[in-house]
Amino acid sequence: MSKTWRPATQLVHGGTLRSQYGETSEAIYLTQGFVYDTSEAAEARFKGETDGYIYARYGSPTNDMFEKRMCMLEGAEDARATASGMAAVSAAILCQVKAGDHIVAARALFGSCRWVVETLAPKYGIECTLVDGRDLKNWEEAIRPNTKVFFLESPTNPTLEVVDISGVARLANQVGAKVVVDNVFATPLFQKPLELGAHIVVYSATKHIDGQGRCLGGVVLADKAWIDENLHDYFRHTGPAMSPFNAWTLLKGIETLPLRVKQQTQNAAKIADFLAEQNKVAKVIYPGRADHPQADIIAKQMKGGSTLVAFELKGGKEAAFALQNALDIVRISNNLGDSKSLITHPATTTHKNLSEEARAELGISPGTVRLSAGIEDTDDLIEDFAKALAKVSA
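Conventions adopted
- Residues numbered from 1 in each chain as written.
- Predicted model: local features only at pLDDT ≥ 70, side-chain atom pairs only at ≥ 80, totals over all residues.
- Heavy atoms only, no water.
- UniProt positions renumbered as here; feature names shortened; annotations may be inferred.
- Helix = DSSP H or I, 4+ residues; strand = E, 2+ residues; numbered from the N terminus.
- Contact = heavy atoms within 4.5 Å.
- Polar contact = N/O pair within 3.5 Å; in protein donor to acceptor, adjacent residues only side chain to side chain.
- Salt bridge = Lys/Arg side-chain N within 4 Å of Asp/Glu carboxyl O.
- Buried < 20%, exposed > 50% of the residue type's maximum accessible area, 1.4 Å probe, protein only.
- Core = buried A, V, L, I, M, F, W, Y, C linked by side-chain atoms within 4.5 Å.
- Patch = residues over 30% accessible without salt bridge, like charges linked within 9 Å, V, L, I, M, F, W, Y side chains within 5 Å.
- Areas by Shrake-Rupley, 256 points an atom, 1.4 Å probe, with all protein chains shown as cover.
- Pairing = 2+ DSSP bridges.
- Axes fitted to C-alpha atoms, helices over the stretch in contact; angles between N-to-C directions.

- As annotated in an unreviewed UniProt entry, the chain carries the name O-succinylhomoserine sulfhydrylase and comes from Rhizobium phaseoli.
- Note on the chain: under the UniProt heading Subunit (unreviewed entry), the record states "Homotetramer."
- Looking at the chain in UniProt, the text filed under Catalytic activity (unreviewed entry) is "O-succinyl-L-homoserine + hydrogen sulfide = L-homocysteine + succinate".

1. Some words on the environment of Trp 248
Thought 1: Looking at the element boundaries, Trp 248 is found in helix α11 (residues 244-254).
Thought 2: In sequence terms Trp 248 and Met 65 are 183 residues apart; their C-alpha atoms lie 8.6 Å from each other.
Thought 3: If we skip the residues at most four places from it in the chain, Trp 248 touches Ser 25, Glu 26, Ala 27, Ile 28 and Thr 62.
Thought 4: Among the polar contacts made by the side chain of Trp 248, one reaches the main-chain carbonyl oxygen of Glu 26 at a distance of 2.8 Å.

2. A word on the pattern of salt bridges
Thought 1: All told, the structure shown has 17 salt bridges when counted by the stated rule.
Thought 2: Between Asp 64 and Lys 68 there is a salt bridge, and its shortest N-O distance comes to 2.9 Å. With a gap of four residues between them, Asp 64 and Lys 68 both fall in helix α3 (residues 61-74), about one helical turn apart.
Thought 3: Residue Asp 64 is classed as buried on the basis of its relative accessible area of 17%.
Thought 4: Across the pair Arg 214 and Asp 210 runs a salt bridge, and its minimum N-O distance is 2.7 Å.
Thought 5: Classification of Arg 214 as partly exposed rests on a relative accessible area of 42%.
Thought 6: Look at Asp 210 and you get buried, because its relative accessible area is 0%.
Thought 7: One network of salt bridges, in which partners are shared, links Glu 26, Arg 69, Lys 252 and Glu 255.

3. Brief notes about the UniProt feature "modified residue: N6-(pyridoxal phosphate)lysine" (unreviewed entry) in the chain
Thought 1: UniProt's feature table lists "modified residue: N6-(pyridoxal phosphate)lysine" (unreviewed entry) at Lys 207, given in the numbering used throughout.
Thought 2: Locating Lys 207 in the fold gives a position in helix α9 (residues 206-210).
Thought 3: Look at Lys 207 and you get buried, because its relative accessible area is 17%.
Thought 4: Ignoring anything within four residues of it in the chain, the contact list for Lys 207 reads Val 184, Asn 335, Leu 336 and Gly 337.
Thought 5: Of the polar contacts made by the side chain of Lys 207, one reaches the side chain of Ser 204; its length is 2.9 Å.

4. Re the nonpolar core
Thought 1: Judged by nonpolar contacts, the single largest core of 33 residues is most densely connected at Phe 66, Met 70, Tyr 203, Ile 209 and Leu 221.
Thought 2: At five residues, the largest contribution of residues to this core is made by α3.
Thought 3: When sequence neighbours within four positions are dropped, the list of residues in contact with Phe 66 reads Ala 81, Ala 205, Ile 209, Gly 218, Val 219, Met 242, Ala 247, Leu 250 and Leu 251.
Thought 4: Counting 27 residues, the second-largest nonpolar core is a separate cluster that includes Ala 105, Cys 113, Phe 151 and Ala 222.

5. Some points on helix α7 (residues 165-175)
Each full turn of the α-helix corresponds to 3.6 residues, which orients residues three or four apart in the same direction.
Thought 1: If you check which residues of α7 are buried, you get Ile 165, Ser 166, Gly 167, Val 168, Ala 169, Leu 171 and Ala 172.
Thought 2: Buried residues in α7 make contact with α6 (136-142), β4 (147-153), β5 (178-182) and α13 (295-301).
Thought 3: Here α7 starts with a cap whose side-chain oxygen sits 3.3 Å from the backbone nitrogen of Ser 166, and that cap is Asp 164.

6. Examining unusual backbone geometry
Thought 1: Each neighbour pair has its own omega, and for Ser 154 with Pro 155 the value is -5 degrees, a cis peptide bond.
Thought 2: Here Pro 155 lies in the loop between β4 and α7.
Thought 3: Cis geometry is adopted by the peptide bond preceding Pro 158, which originates at Asn 157 and carries an omega value of 5 degrees.
Thought 4: When you line up the elements, Pro 158 lands in the loop between β4 and α7.
Thought 5: For Leu 160, which is not a glycine, the phi torsion comes out positive at approximately 60 degrees.
Thought 6: The residue Leu 160 is located in the loop between β4 and α7 in this model.
Thought 7: Backbone geometry places Thr 187, a non-glycine residue, at a positive phi of 65 degrees.
Thought 8: Structurally, Thr 187 is set in helix α8 (residues 187-190).
Thought 9: For Thr 187, a relative accessible area of 2% translates into the label buried.

7. Observations regarding a nonpolar patch on the surface
Thought 1: Together, Ile 28, Leu 30 and Phe 245 make up an exposed nonpolar region whose accessible area comes to about 280 Å².
Thought 2: Its location among the elements puts Phe 245 in helix α11.

8. A few points about the side chain of Ser 166
Thought 1: Locating Ser 166 in the fold gives a position in helix α7.
Thought 2: Judged by its relative accessible area of 18%, Ser 166 is buried.
Thought 3: A distance of 3.1 Å separates a polar side-chain atom of Ser 166 from the backbone oxygen of Leu 196.
Thought 4: Contact partners of Ser 166, with chain neighbours within four places excluded, come to Leu 196 and Gln 301.

9. With respect to the sheet that holds strand β11 (residues 342-344)
Thought 1: Strand order in the open sheet formed by five strands is β8-β9-β12-β11-β10, with mixed pairing between adjacent strands. Two strands close off the open sheet at either side, each with one partner strand: β8 (281-285) and β10 (331-332).
Thought 2: As judged from the four bridges shared by β8 and strand β9 (residues 308-313), these two strands associate in the antiparallel manner. Following the sheet pairing, Lys 283 is matched in β9 by Glu 312.
Thought 3: Strands in contact with helix α14 (residues 316-326) are β9, β10, β11 and β12 (368-372); relative to β9, the strand with the most contacts, it is inclined by about 130 degrees.

Here it is as structure tokens:
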């Protein structure tokens, strides 16, 4: 496999393994275990003296292809595919901390991500400090002698705030901490956290990588030394492994990732511009617009906008519900990164477990709506929003 291949080629051919039958499409190895020619061969494999698969919980040929293809795209040395995005987040964080350690996390996180660092980790004696991730001073002031991990999303869910990944990485390196970046909203096509200095990248492959509403999946990517030292045993013994069938489905989805993300981003940008001109919309937040509060950081670390748009309706929850219920093409769903355009009301779905005060701190108002643009015709989507907005009370 050529290291000079561009992403669109990598995502069709990268990491491919073929059996003796020379199949065109990747094979699905739906097996729990593997057999050995001799007892001596089994012993050697368990000792690590010979290469090969041992048990599907540890790895399989289909999963291996998905991991290698993601490594090529991300520019990572190694990866582990997990059963879901949250399995990837939990593994990436918990595999490297112990009781008495400290995590600094951006407060603008997906609800389940906040639960991992804010609720679960403290149950095991791991301290956590949440900060407004937009200001590097907040990260610096939160550092303690026992700080081991910095965790962030950028852009954030659902308000599309942006964190200066390079700046956070510099601070982490000064104290020997590791930076974990959830890169779902940017996709690996628009942002490369490892190139910006981050140490670990996580994805919910459920989103753009599958991107067609079919299966769950996640992946953790980092250098091989970190995975060998921290994630390898955690992964083997706690069992967050991805199903080979899901790995195969994701391999099929990833082939068209550049095509889908290009159309989704084009749609998101044009819808954002349309919404910004509507008098029933209080504000629009989109990383591709010049009026984004952190446009300078976006220009520095992102190669494109996003497939997501956040906007706020002046009429609050009533207006948000009226808009969503009036849409015809765009469907109400808490998922994102799909070929179909999806819309959700974060305050009553993905972030409903946060207090009203916590939501307000994150910029999530009763009128906040998150749109995940699909690959439909752009004009059809804009017409759908125009008709729906006409039914929203001023």
